[in-house]
Amino acid sequence: MSIVSALKPAWLQGYDPRWVMPDVIAGVTLSAIAIPEVMGYTSISQTPIVTGLYTVIFPTMLFVLLGSSRMLVVGADSATAALLSAGLTGAAIAGVTPGSQQWLAYTSVVALFCGLLLVIARVFRLGFLGNFLSASVLIGFLTGVGVQVLTGQIPSMLGVPKGTGNWFEQQWTMITSIPDANPTTVAFAVGSLIIIFGFKKFLPKVPGALVAVVGSIIVSAAIDAQADGVDVVGAVQGGFPPIGLPEGITLSDVTNNLAALIGIAFSCFVLIIAQSAATSRSFAMKHGQKVDINRDIVGLSGANFAAGLSGTFVVNGSPTKTQILEEVKGRSQLANLTMSLVVLLFTLFFTSLLTDMPKAVLGAIVFVIGYDLVDIAGLKGVLRINKAEFGIAVVTAVVVCAVGVEQGIILAIVVSILDIIRRQYSPKDYVVTFDKGEPEYLPMKPGVESAPGLIIFRYDAELFYANVNRYVDDVQRLIESAPQPVEWLVVDVSSRDSVDYSAGKALLGLLDYLDARKITVVLARVDEGIRATLSTFGIDRRIGPDHIFGNLVDAYNAYMARPQDATKS
């Protein structure tokens, strides 16, 4: 492979030149939506407004060059911004306040650590860690983030100070401050919400947020809203994004707070992998494409390094912006590259236009972003399929709101891992019967048999130290409760390919139990992988080659053809 082909972006493979103009148009359209949206995210990350614009310049460009996904849009994201802000607030670093240069520097350091963790994940193939956030838990987590985000914007939409303390205390402060709301501020917020929701419903192809921003700036300047007590954005730093290490803190500041910063970065890292991988896969499958998650991890790593070295905060694959890109007929990362260039031009030459924009308008934009994160349809779907998973999703959402976003992501990971353990410890197990030559799987319960004197048992999980004793207990329960004395026990081993040391020892004990009862043990659906594993424990030799079959039908037929007076082969 030549150097040129190795450096060629993966999404360019099979690129059709006819897509160029639609991609460019889609990129310009996406930039019109992204500019107000990423500025809004800065009210969550509590960083200067211009840093939101920075997230879709060099970070997006790096993903374009290094990533695999044709559609994934990388930039600021509400969930990671909320994690970042909550983590830094919880770290309570001395002398660092939200919105300060030091605060911004720490957010950039976290982005660099995220980039490093993503490199490690790629080198050691740890991308599977993102799979520890189940879909139901992720729905609950993002719903909780959505509620926290939208409620967090209400004070700025009312023109009252944001309360302190936990989520409930903040809501109480907001409610008791309603009489002090600034009518003009409220008018800007309500007007923006009407425009955004109205355009979304009646003119979905027109970016309502951009219309709200432009309209509010014109009205604010015309009536001198600031003189009426309306908080406005004020002067926004323009020019080229700052390139280099974060400024305002020293290396000793970082090392003194290393544990807290790595903890925040790890929380963001898990969410980045889970959310980006799910988004990449979803849109790739829609278009019949294959996505290389490992290469996307490299792209996300480069994007976060770029964020940390260009004066901004953690970036992530954005499901909402990716969905928008599809809706505006974007076909590839060329659209995202176009978006980055448009945002760069805006940052270089037009940020002065934002001076008169009311902060209530930004609050309204972020309120809508939070509203869209509240996935009622997803929660209903989980409830319909599995009430236990619905309960977990709701608990996760409540913890995110009531305790905090960082604690919510930790709970989400822990709950997902516990769910994996629960499924492995207590999987579905079956007794297989035959009707007209076809196998039927009956849920295991005492008194069930496959045929007189025969039990065909299937256990849908790998065997390991935590569940093997339960497996043995289930087998013994079936044998003890069988209507007739069991002659053959056929074990369907297709659901496993490995057995750990503890499980192997327990299986040898089970063979002793079955030998003492003169029960013939048979293995069915055995492949070379499980045969090799069993061989290490000598289990295959104890059973004998005559009692190992490639499928259930052969095992069943062998039992039916056995000598009727045989009790042990």
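Since we're looking at a predicted model, the values are computed, not measured.

Rules used throughout
- Residues numbered from 1 in each chain as written.
- Predicted model: local features only at pLDDT ≥ 70, side-chain atom pairs only at ≥ 80, totals over all residues.
- Heavy atoms only, no water.
- Helix = DSSP H or I, 4+ residues; strand = E, 2+ residues; numbered from the N terminus.
- Buried < 20%, exposed > 50% of the residue type's maximum accessible area, 1.4 Å probe, protein only.
- Salt bridge = Lys/Arg side-chain N within 4 Å of Asp/Glu carboxyl O.
- Pairing = 2+ DSSP bridges.
- Axes fitted to C-alpha atoms, helices over the stretch in contact; angles between N-to-C directions.
- Contact = heavy atoms within 4.5 Å.
- Phe/Tyr/Trp six-rings, centres within 6.5 Å; stacked < 30°, edge-to-face > 60°.
- Lys NZ or Arg CZ within 6 Å of the ring centre and 35° of its normal.
- 1 Å grid on protein atoms, 1.4 Å probe; cavity = no way out; pocket = protein on both sides within 12 Å on 5 of 7 lines; lining within 4 Å.
- Points joined across faces, edges and corners; volume = space filled by probe spheres on them.
- Parallel < 35°, antiparallel > 145°, perpendicular 65-115°, else oblique.
- Left-handed = near helix turned anticlockwise from the far one by under 90°.
- Nonpolar A, V, L, I, M, F, W, Y, C, P; charged D, E, K, R; others polar.
- Core = buried A, V, L, I, M, F, W, Y, C linked by side-chain atoms within 4.5 Å.
- Expected span 1.5 Å × (residues − 1).
- Patch = residues over 30% accessible without salt bridge, like charges linked within 9 Å, V, L, I, M, F, W, Y side chains within 5 Å.
- Areas by Shrake-Rupley, 256 points an atom, 1.4 Å probe, with all protein chains shown as cover.

Caption draft 1: A look at the environment of Phe266. Mapping Phe266 onto the fold places it in helix α12 (residues 258-286). With a relative accessible area of 37%, Phe266 lands in the partly exposed category. Expressed as a C-alpha distance, the spacing of Phe266 and Gln226, which sit 40 residues apart in the sequence, is 41 Å.

Caption draft 2: Just the pattern of salt bridges, in detail. Scanning the model with the defined rule gives 14 salt bridges in all. Of the charged contacts in the structure, one is a salt bridge between Arg562 and Glu487, with a shortest N-O distance of 3.0 Å. Of the two residues, Arg562 is situated in the segment after α24 (552-560) and Glu487 in the loop between α20 (468-481) and β6 (488-492); the sequence distance between them amounts to 75 residues. We note a salt bridge from Arg542 to Asp512, for which the minimum N-O separation is 2.9 Å.

Caption draft 3: Expanded view of the sheet that holds strand β7 (residues 520-524). Reading across from one edge, β4-β3-β5-β6-β7 is the order of the 5 strands in this open sheet, with mixed pairing throughout. Looking at strand neighbours, the two that pair on one side only are β4 (438-443) and β7, the edges of this open sheet. Sheet twist, expressed as the mean angle between neighbouring strand axes with direction ignored, is 30°. Pairing between strand β5 (residues 454-459) and β6: 5 bridges, direction parallel. Across the sheet, the residue bridging to Ile456 is Val490, located in β6. Strand contacts of α20: β3 (429-435), β5 and β6, with the helix running at about 155° to β5, the strand carrying the most contacts.

Caption draft 4: Geometry of the packing of aromatic side chains. Counting across every chain of the model gives 14 aromatic pairs. Geometrically, the ring pair formed by Phe464 and Tyr465 is edge-to-face, given 5.4 Å between the ring centres and 85° between the ring planes. Cluster of aromatic residues (ring-pair linked, three or more members): Phe346, Phe349 and Phe350. Directly above the aromatic system of Phe202 lies the positively charged group of Lys201, at a separation of 5.8 Å from the ring centroid.

Caption draft 5: Examining the pairing of β4 more closely. Pairing geometry for β3 and β4, over 6 bridges, is antiparallel. Within the sheet, the bridge partner assigned to Val431 lies in β4 and is Leu442.

Caption draft 6: Region of the structure containing empty space enclosed by the protein. Within this structure, the stated rule accounts for 3 cavities of 30 Å³ or more. Around the largest cavity, the lining is made up of 18 residues, and of these Tyr471, Val491, Leu507, Leu523 and Ile539 lie nearest the centre. Residue assignment for the lining of the largest cavity shows that the elements contributing at least two residues are α20, β6, α21 (501-516), β7, α22 (528-537) and α23 (539-543). Residue contributions to the lining of the largest cavity peak at 4 residues, all from α21. By volume, the second largest cavity is sized at about 40 Å³.

Caption draft 7: Just the packing of α12 against helix α14 (residues 319-327), in detail. It is the contact of α12 with α14, at a shortest axis distance of 10 Å, that shows an interaxial angle of 20°. In terms of orientation, α12 lies roughly parallel with respect to α14. The crossing of α12 and α14 is right-handed. Contact with α12, carried on its side by Gln275, Thr279, Phe283 and Lys286, involves Pro319, Thr322, Gln323 and Glu326 of α14 and no other residues of that element. In terms of residue class, the contact of α12 with α14 is built from 2 nonpolar, 4 polar and 2 charged.

Caption draft 8: Region of the structure containing the packing of helix α5 (residues 78-91) against helix α6 (residues 101-123). Orientation of α5 relative to α6, taken along the N-to-C sense of each, is 120°, at an axis distance of 11 Å. Between α5 and α6 lies a crossing of right-handed hand. For the pair formed by α5 and α6, the contact residues are Leu84, Ser85, Leu88 and Thr89 on the first element and Trp103, Tyr106, Thr107 and Val110 on the second. Taken together, the residues of the contact of α5 with α6 break down into 5 nonpolar, 3 polar and no charged.

Caption draft 9: View of the side chain of Ser332. Within the secondary structure layout, Ser332 lies in the loop between α14 and α15 (333-349). For Ser332, a relative accessible area of 0% translates into the label buried. For Ser332, the contacting residues outside a window of four places in its chain are Trp11, Tyr15, Asp23, Arg70 and Leu325.

Caption draft 10: Molecular detail of the nonpolar core. Core analysis: the largest hydrophobic core is formed by 117 residues, its most contacted members being Leu133, Phe141, Val145 and Met357. Those residues in contact with Phe141 that lie beyond four places of it in its chain are Ala79, Leu83, Leu271, Thr396, Val400, Val405, Gly408 and Ile409. Among the nonpolar cores identified, the runner-up in size contains 38 residues, and Met444, Leu463, Ile479 and Leu489 belong to it.

Caption draft 11: Seen up close, helix α16 (residues 359-373). The terminal C-alpha atoms of α16 lie 21 Å apart, and with 15 residues this matches the ideal 21 Å at 1.5 Å per residue to within 8%. With respect to burial, α16 is a largely interior element, 12 of its 15 residues being buried. For α16, the full list of buried residues reads Ala360, Val361, Leu362, Gly363, Ala364, Ile365, Val366, Phe367, Val368, Ile369, Gly370 and Leu373. Buried-residue contacts for α16 involve α2 (20-45), α3 (49-54), α5, α7 (135-158), α9 (183-202) and α10 (208-223).

Caption draft 12: Highlighting a nonpolar patch on the surface. A grouping of Phe240, Ile243, Leu345, Leu348, Phe349, Phe350 and Leu353 is seen on the molecular surface, where their side chains present a nonpolar patch of about 710 Å² in accessible area. Structurally, Phe349 can be placed in helix α15. The class for Phe349 is exposed, based on a relative accessible area of 56%.

Caption draft 13: Local environment of the layout of surface pockets. Estimates place the volume of the second largest pocket at around 770 Å³. As for the second largest pocket, its lining consists of 34 residues, of which Ser85, Ala86, Thr89, Lys162 and Gln170 are closest to the centre. Only α2, α5, α7, α8 (167-176), α18 (387-402) and α19 (405-425) provide two or more residues apiece to the lining of the second largest pocket. Tallied by class, residues from the lining of the second largest pocket come to 16 nonpolar, 16 polar and 2 charged.

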